[in-house]
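# Summary of the model geometry
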Amino acid sequence: MPVPWFLLSLALGPSPMVLSLERIVGSQNAARCSPGLSCHLRGGDMLCMPGSIVSALEPVLVPTRLQTELVLRCHQETDCDLCVRVAVHLAVHGHWEEPGDKEQFGKAADPELEEHKNASLQAHVVLSFQAYPTSRCVLLEVQVLAALLQPGQPVGSVVFDCFEAALGAEVRIWSYTQPRYQKELSLTQQLPDCSGLEVRDSIQSCSALPWLNVSTDGEDVHLVLDVSEEQHFGISLYWNQGSKTPRWHRNLTGPQTITLNHTDLVPCLCIQVWPLEPDSVRTSICPFKNDTRASRNLWRAVWLQLLPPRGWRLNAPCSLPAEATLCWQAPSGGPCQPLVPPLYRENVTVNKDLEFPLLKGHPNLCVQVSSWETLQLQECLWSDSLGPLKDDILLVETRGPQDNRSLCALEPSGCTPLLSRASTRAARLGAQLLQDLKSGKCLKLWDDDLGALWACPMDKYIHQRWALVWLACLLFAAVLFLLLLLLKKDHVKGWLRLLKEDVRSGAAVRGRAALLLYSADDAGFERLVGALASALCQLSLRVVVDLWSRREVSAQGPLAWFHAQRLQTLQEGGMVVLLFSPGAVALCREWLQDGASPPGEHGPHDAFAASLSCVLPDFLQGRALGRYVGAYFDSLLRPDAVPALFRAGPVLALPSQLPEFLRALQGPDGPGPWRLADMAEQVSQALQPALDSCLRPPETEETGLVMGPE
C-alpha cells in the first residue's frame, strides 16, 4: 500500500491554509464608509480619465492606501462568483491659512476662516479595475466635516462591494480623485485559483475539477486523480520557470494513477489539471518545493556550459541560490585554489549568459559553484577545448600605489613570493620564471588596475630535471651491461629475453581506456553488455562501465559519475562507446524532440540517460569524431534505427564488424589485421551465449507504467 506522503487537492476541502470567504447575496454594487464620513456610489460605471494633476487651493480629501479582500457574490447557494472588495483609505491634503499677525493674537477669529472650518469637505474618488477581459471604473462621493480634520491625518475609509474577477486572474486597481491632486494609487494582485479557496461547493467551475493526491511508495511517487469514470480531464507537468513549457502532457478519462520516479523530482516541478470543457479553469500546484530529495536532484541536474569566446552559463531546471568563483586546479591534484581577482564570489542567475572578465582561457581554470557556503559543483570548462590540465604555474601580479608591483606564484601552500628563500618549486625557479615573464613566454589571463594573472609553462624545467636522471640511469645501465657481458654471455641473453617480455607485458597493461554507455533495457541486455566489457578487458583494454561501478554511481549520481569518467577517458586518449539498443534509441529521440531527458523510468544507475545532456552537444558541435564510436547488436536493432545525428561518426554492427570496432578502440598503434581477426573471433565467442539469451522469447512479461496512467 502506498504510504501517505503529501496530500494535495486541486479542489480542497476545509484546511487551515485555505481561505473561507464571506458571501454577498445579490448583484447590486454598494459603498459604505467608516464613522464620521458619509459616502454615496454614483449609479453606473463611468469613463476612466484621470486627467492632469492640479494644485489644491484649500484642504482636500485624497486616497492614501488601497486594501483588498476576496468575497463571494452569490446568486444562489451553489452559484457564486469571485469578487474583489476594495477599501480606500483617505487623508487631508493641504491646510487653511492661519492668521500670522501677532496683533490678532487673542482677538476674535477671522469670520471667513471660521466659515471654512464649519463647512464640509467633499471628494469624488474614482476606483479603476482591470482584469482581463474586464475593465471598470466607479465613482464614490465622500463628505466629512472640516472641523473634525487635521492636515495630513487619516480621516477614515470608504469600502466598495465589489469587482467580479476570474479565478487565478491578475487584477490591477487604481484610485484617484476628480480633479486629481496627486499621483494615483495603484495595486496589482494575483488572485488564487480553486486550490487556495474553500469554494468547491460554491463555484461551479471548481466543483468540476478532479481531486489529486500525492503519495510515495519506495522510490516512486504516485499522483492519484480521483474523478468519475465518465469525466475527461487534462494533466501536464512543467518546470515553473521561464516559458513553463509542459514536459509531459496527457488527456485522460476516469480515475488514474500516474507514477513518477523520485529522480525526476525537482523543487519547481508543478502539476496542472483541468476538465476538458470549453473555458474550463486550470489549476496548478507545486508540491515539491520543500522536498529534500527534489533539492538533491536539482543539484545533480545542474551543469556548466562554456560559451566561446569568454561566455559561460549555469544551466538548471529551477532557480536556485548559487555563487560562483574562478579557481586554479593543479594537475598534481589537491583542492582547486580560489582566485579572488578576477571573479569575486558573486550571485549567479541560472540559465542566463554570463561573461568571464578574462583575456584568455586555460585548461587549469575551473569554475566553482557554491550554495550556502557549500561547494556543489566544480568544472574545468576549458579542458575539452584546450586539452588536459597543464603543468603550468600561475603568477599573481599585484599593483599598488606609485606603480609598486609584486609577484608571487600560486602553490598549494599559498602564494609564494618569487626570489624568496622558501623551499618550494616556485622559489627555486624564481629567477627563471621572472625571465620567462619578461621574454613573453607566459600567457596573460587577466589584467586590470589591481593586477594581472600569468600562466607560465614549467615543462622545460621538468624535462631538464628528468634528463639528468635519465642520463644517470643510462650510464648505470651501460656499466652494468658491460660487467654482465664480461662475466657470462648466456646469462646476459636470458636477462635480455626476460626484459623484452616485461616490456611487452607492460605495454599490454597500458591499454587504451574505453567507457561503455548503454541503456539498461532489461536484465538480458545488461548481461550482454557485461559479457562485452569482460571480453574487452581480456584484450588489455581498460574498460569502464556503470554495471561495475554501481556504488560510485549511487554515491555521486549518474550525471556526475559520467562526467568524471568521460573527462578522464578523453584525457587519457581513450574512446567513449555508445551502445545503441531499442531503449537507447527511444531515449535519444525523446531528448532530441523535447530538448532534455523526459521524466521517464530511468534507473538510479542509468548513466546513459544522464549522459545525453553532455554527449549530444559534442555531436551537435562536431567534436565527436575521434572521441566517440557507436555500436549496436545487429540481431537486436536495425542500422537505420540509430538517429542520424549519431551516424556522423562510425556506427558499427556487432559481432559482424568486430574487427573494425576493435581497431577503433585500439587506436592507430594497435595490432595488425591478423591479430585483430583473432581478437574479434575471441570476443565473438564470448558474446554468443549472452546474445542467444537475449534473442529467446521471455517466459514472463514484465509490465509497468512510467509517466502514464496505470
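Quick note: structure is the one above.
Everything numeric here is computed off the predicted structure, so don't read it as measured data.

## Concerning the overall build of the protein chain
A tally of helices and strands in the protein chain yields 15 helices and 36 strands. The burial tally for the protein chain puts 45% of its 710 residues in the buried class. In the protein chain, of all internal contacts separated by at least 6 residues, the share reaching a separation of at least 24 is 68%. Accessible area for the protein chain stands at about 38,200 Å²; split by element, carbon and sulfur atoms hold 54% of it.

## Some details on the environment of S406
Following the sequence through the fold, S406 ends up in strand β28 (residues 405-411). Given a relative accessible area of 40%, S406 falls into the partly exposed group. Distance from S406 to G451, taken between C-alpha atoms, is 9.1 Å for residues 45 residues apart in sequence. Setting aside its immediate chain neighbours within four residues, S406 contacts V396, E397 and T398.

## Focus on the pattern of salt bridges
Throughout the structure, instances matching the rule amount to 20 salt bridges. One salt bridge connects E69 with R85, and the closest N-O pair in it is separated by 3.2 Å. Residue E69 is found in strand β5 (residues 60-76), and its partner R85 is found in strand β6 (residues 79-93); the two are separated by 16 residues along the sequence. What makes R85 buried here is its relative accessible area of 6%. The salt bridge partner of D618 is R623, with a shortest N-O separation of 2.4 Å. Take D618: its relative accessible area is 0%, and that puts it in the buried class. Here the salt bridges do not stand alone but share partners, grouping E22, R32, E69, R85 and D161 into one network.

## Structural notes on the nonpolar core
Grouped together as the largest cluster of nonpolar side chains are 52 residues, with contacts concentrated most on I235, W312, L314 and V367. C74, A131, A165 and L185 belong to the second largest nonpolar core, which has 41 residues in total.

## Side note on the sheet that holds strand β14 (residues 232-239)
Spatially, β15-β14-β17-β18 is the arrangement adopted by the 4 strands of the open sheet, whose pairing is antiparallel. Edge positions in the open sheet fall to β15 (246-253) and β18 (283-285), since each of these has one partner strand only. On average, each strand axis in the sheet is tilted by 20° relative to the strand beside it, whichever way the strands run. Pairing analysis gives 7 bridges linking β14 to β15, with the strands arranged antiparallel.

## A few points about the state of the cysteines
Summed over all chains, the structure comprises 9 disulfides. The partner cysteine of C74 in its disulfide is C80, sulfur to sulfur 2.0 Å. With the S-S dihedral at roughly 105°, the linkage between C74 and C80 falls on the right-handed side. Here C74 and C80 have matching classes, each one buried. Paired through a disulfide, C366 and C380 show a sulfur-sulfur distance of 1.9 Å. Because the sign of the S-S torsion sets the handedness, a value of about 70° for the bond joining C366 and C380 places this disulfide among the right-handed ones. Here C380 lies in the loop between β26 (374-379) and α4 (383-386) and C366 lies in strand β25 (residues 365-371), a separation of 14 residues in the sequence. When sorted by exposure, C366 lands in the same class as C380, which is buried.

## Let's talk about helix α9 (residues 523-537)
When the terminal C-alpha atoms of α9 are compared, their 21 Å separation across 15 residues agrees well with the 21 Å that a helix rising 1.5 Å per residue should span. Counting buried positions over the 15 residues of α9 gives 11, a clear majority of the element. For α9, the set of buried residues is G524, F525, E526, L528, V529, G530, A531, L532, A533, A535 and L536. For α9, the side-chain oxygen to backbone nitrogen distance between the N-cap and G524 is 3.2 Å, and the N-cap itself is D522.

## Notes on the pairing of β6
In regular strands, side chains alternate between the two faces of the sheet. Extensive coverage of β6 is indicated by the burial of 12 of its 15 residues. Examined bridge by bridge, β5 and β6 share 15 bridges and lie antiparallel to one another. For P63, the partnering residue across the bridge sits in β6 and is L90. Following β5, the chain reverses through 2 residues before pairing antiparallel with β6. Pairing of β6 with strand β9 (residues 154-164) involves 8 bridges; the strand directions are antiparallel.

## Here we look at the sheet that holds strand β10 (residues 170-177)
Ordered by their spatial adjacency, 5 strands build an open sheet running β4-β8-β7-β10-β11, and the pairing between neighbours is antiparallel. Every interior strand has two partners, whereas the edge strands, β4 (38-41) and β11 (185-190), have only one. Going across the sheet, the axis of each strand differs from the next one's by a mean of 20°, ignoring polarity. Pairing analysis gives 6 bridges linking strand β7 (residues 120-131) to β10, with the strands arranged antiparallel. Its bridge partner lying in β10, F129 is registered against I173.

## Some thoughts on helix α3 (residues 292-301)
Buried within α3 are the following residues: R293, A294, N297, L298 and W299. With a side-chain oxygen positioned 3.4 Å from the backbone nitrogen of R293, the residue opening α3 is D291.

Calculation rules
Residues numbered from 1 in each chain as written. Predicted model: local features only at pLDDT ≥ 70, side-chain atom pairs only at ≥ 80, totals over all residues. Heavy atoms only, no water. Helix = DSSP H or I, 4+ residues; strand = E, 2+ residues; numbered from the N terminus. Buried < 20%, exposed > 50% of the residue type's maximum accessible area, 1.4 Å probe, protein only. Contact = heavy atoms within 4.5 Å. Areas by Shrake-Rupley, 256 points an atom, 1.4 Å probe, with all protein chains shown as cover. Salt bridge = Lys/Arg side-chain N within 4 Å of Asp/Glu carboxyl O. Core = buried A, V, L, I, M, F, W, Y, C linked by side-chain atoms within 4.5 Å. Pairing = 2+ DSSP bridges. Axes fitted to C-alpha atoms, helices over the stretch in contact; angles between N-to-C directions. Disulfide = S-S within 2.5 Å. Expected span 1.5 Å × (residues − 1). Polar contact = N/O pair within 3.5 Å; in protein donor to acceptor, adjacent residues only side chain to side chain.

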